[in-house]
Amino acid sequence: MASTNGITVRSARAEERPEVIRLQDMGFGMRGSPADAEFGPQVFDIERALVAVDGDRLVGHANDRVMTVTVPGGNTVQASGVTGVVVTPTHRRRGILRALYTELHRRIESEGQPLTIFYASEGAIYGRFGYGPSIAEVDVSIQGRTAEFRSTTPDPGGVRVASLTEAELALPEIYDRWRRLTPGAQDRPEARWRQRVFAESIQHQDGAVQFFLIHPDGYVILRRAWADNKNTATVHELRAVTAEAHVALWRVLLSMDLVHTVEANLSDNDPLPYLVTDPRLVRVTGRHDTLWTRVMDVPAALTARSYQQDLDVVLSVDDPFRNAGGVFALRVRDGVAECERTDRTPDLELGIDVLGSLYFGTYRARVYAAANRIQAKDPAVLRAFDEAFTGDRDAELGWFF
Ligand SMILES: CC(C)(COP(=O)(O)OP(=O)(O)OC[C@H]1O[C@@H](n2cnc3c(N)ncnc32)[C@H](O)[C@@H]1OP(=O)(O)O)[C@@H](O)C(=O)NCCC(=O)NCCS
């Protein structure tokens, strides 16, 4: 328990859940679904939550869940997935978020998770707490039936429309195979599947109807809706373990009748535009960050992942929020890293938020150096560092939280 300016931060009590939900509805301006009420507590345990209290009023909340996250190279690490961060409008900018975060990160540090991850509502807040955007996704829109596949594009087939019962059996197993290959993707609790995919109330929501396309190595969760005389098929989630599954699923999606537009989110290097004769038809309508990452333990985080090339570098990492910074020697041979504190002179200086951004291989060191966020004496060392940190597979967020 910690107190500042009359505000106390303490663990939440089970009976405070309705008040926490009200605080979140107010803070985020949206009402949770009946499935959120039913399954949400099994995903994020209220007894793990922290609340800020002013007298008898609950004025702030933050919670987390320990997740298993895949890192470049295919290993996994434990990460604290932070969620539900909110402060009531009457108490904003009095340091309540800072007090909640201080307590939450003290706990995460004591539990020993090497990373914290979350989805930021705004871009200017979380750098000061050591977080950087670490995964991005591209929004695309494709007019129905306009895209033609190249003659060289395989047509493996094997996709069927599945019932809810079939999807309940098949999707979690395929997802699990996919997330073990994909940097940034987390294990997904069964209650989250119920809450956001399989609950009866989700099958018809906000005017859309949900369908499932299944291939032995992939699936699509598809939401179709008619609005303003336009029929839209929204790819809520596409997971493909193999290239065959990816192309087989997209062949069905791009050939559906009576669909004006197919909307989807892709990772930066998704091959979809290059499977069709006119890549411009996969029209990019936006690009945004998804997962934000904070490194809690530099040696543990940096030795968990693998690297694209050998590297010898001394990093000076600045962490104004916690004490995870310092000077570290990072040595990589054949993809395997050793990392320890050192008193050698640093080659590169960077904030811990930048290290978080680089961690999953999507954001590039050379770009941060160009933005004066990495200081490098020797361009050759910067180049080696930049190349070593890239991934051989795009990082993707497994599920939103
Ligand atoms: C975002 C939110 C939690 C901030 O809470 P708060 O108690 O007002 O924040 P604090 O007073 O503790 O501010 C902490 C620091 O962040 C800064 N900050 C807070 N909100 C900010 C914003 N929207 N933009 C830029 N900086 C911001 C403060 O200036 C302060 O900086 P400093 O400590 O370095 O001087 C609150 O505005 C909120 O509930 N918003 C709606 C829901 C939401 O977006 N939640 C976040 C989900 S990821």
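Residues numbered from 1 in each chain as written. Predicted model: local features only at pLDDT ≥ 70, side-chain atom pairs only at ≥ 80, totals over all residues. Heavy atoms only, no water.

For clarity, the cut-off: UniProt positions are given in the numbering used here, feature names are shortened, and annotations may be inferred rather than shown by experiment.
Labelled according to an unreviewed UniProt entry, the protein chain appears under the name GNAT family N-acetyltransferase, originating from Nocardia tengchongensis. UniProt, in the comment section headed Subunit (unreviewed entry), describes the protein chain in these words: "Homohexamer; trimer of dimers." Annotation of the protein chain in UniProt includes, under Sequence similarities (unreviewed entry), the sentence "Belongs to the acetyltransferase Eis family."

Digging into the pattern of salt bridges
Heads up, the condition is: Salt bridge, as used here, is a side-chain nitrogen of Lys or Arg placed within 4 Å of a carboxyl oxygen of Asp or Glu. Put simply, DSSP H or I for four residues or longer makes a helix, DSSP E for two residues or longer makes a strand, and each gets a number counted from the N terminus. Working definition: with a 1.4 Å probe on protein chains only, accessible area under 20% of the residue-type maximum means buried, over 50% means exposed, and in between means partly exposed.
The final tally for this structure, using the stated rule, is 28 salt bridges. Measuring nitrogen to oxygen at the nearest pair gives 2.8 Å for the salt bridge that ties Asp64 to Arg107. Residue Asp64 is found in strand 4 (residues 57–70), and its partner Arg107 is found in helix 3 (residues 96–111); the two are separated by 43 residues along the sequence. Residue classification places Asp64 among the buried residues on the basis of a relative accessible area of 1%. In this structure, Arg194 and Glu190 form a salt bridge, with 3.0 Å as the shortest nitrogen-oxygen distance. Taken together, the residues Arg194 and Glu190, both in helix 5 (residues 190–198) and four residues apart, mark about one turn of the helix.

Details of the UniProt feature "domain: N-acetyltransferase" (unreviewed entry) in the protein chain
Here the UniProt feature "domain: N-acetyltransferase" (unreviewed entry) sits at residues 7–166. Note that residues 7–166 is 26% helix and 34% strand, and that its end C-alpha atoms are spaced 50 Å apart.

Some details on the packing of aromatic side chains
For clarity, the threshold we go by: Only Phe, Tyr and Trp rings take part, Trp by its six-membered ring, and two of them pair if their centres are within 6.5 Å. Stacked means planes under 30 degrees apart, edge-to-face means over 60, and tilted covers everything else.
Under the definition given, this model contains 17 aromatic pairs. Arranged with centres 5.5 Å apart and planes meeting at 45 degrees, the rings of Tyr175 and Trp178 form a pair that is tilted. With Tyr175 and Trp178 both in helix 4 (residues 164–181) and three residues apart, this pair spans about one turn of that helix. Both rings, one in Phe198 and one in Phe212, keep their centres 6.3 Å apart while their planes meet at 55 degrees; by these two values the pair is tilted.

Some words on the sheet that holds strand 5 (residues 76–87)
Rules: A pair of strands is considered paired only if DSSP assigns at least 2 bridges between the two.
The eight strands lie next to each other as 1-2-3-4-5-6-16-7, forming an open sheet whose pairing is mixed. The open sheet terminates on both sides in strands that have one partner only, identified here as strand 1 (2–4) and strand 7 (132–133).

Observations concerning the packing of helix 2 (residues 34–43) against helix 5
Note the cut-off: Here the axes come from fitting lines to C-alpha atoms, over the contacting stretch only for helices, and the angles between their N-to-C directions go from 0 to 180 degrees. Comment on the angle field: the value is read as roughly parallel under 35 degrees, roughly antiparallel over 145, roughly perpendicular from 65 to 115, and oblique elsewhere. Should the near helix be turned anticlockwise from the far one by less than a right angle, the crossing is termed left-handed; should it be turned clockwise, right-handed. Should any heavy atoms of two residues lie within 4.5 Å, those residues are counted as being in contact. By the convention adopted, Pro, Cys, Tyr, Trp, Phe, Met, Ile, Leu, Val and Ala count as nonpolar, Lys, Arg, Asp and Glu as charged, and the other residues, Gly among them, as polar.
In the contact formed by helix 2 and helix 5, the axes pass within 8 Å of each other and the chain directions differ by 160 degrees. Here helix 2 is positioned roughly antiparallel relative to helix 5, judged by the angle of their axes. Handedness of the helix 2/helix 5 crossing: left-handed. Counting all contacts with helix 2, which are made through Ala35, Asp36, Phe39, Gly40, Gln42 and Val43, the residues of helix 5 involved are Ala191, Arg192, Arg194, Gln195 and Arg196. Along the lines of polarity and charge, the residues of the contact of helix 2 with helix 5 split into four nonpolar, three polar and four charged.

A short note on the packing of helix 4 against helix 5
Remark: helix 4 packs on helix 5, axes separated minimally by 12 Å, with the N-to-C direction vectors making an angle of 125 degrees. By the angle class used here, helix 4 and helix 5 are oblique. Between helix 4 and helix 5 lies a crossing whose hand is right-handed. Along its contact with helix 4, which presents Leu164, Ala167, Glu168, Leu171, Pro172 and Tyr175, the element helix 5 presents Trp193, Arg194 and Phe198. In the contact of helix 4 with helix 5, the residues fall into seven nonpolar, no polar and two charged.

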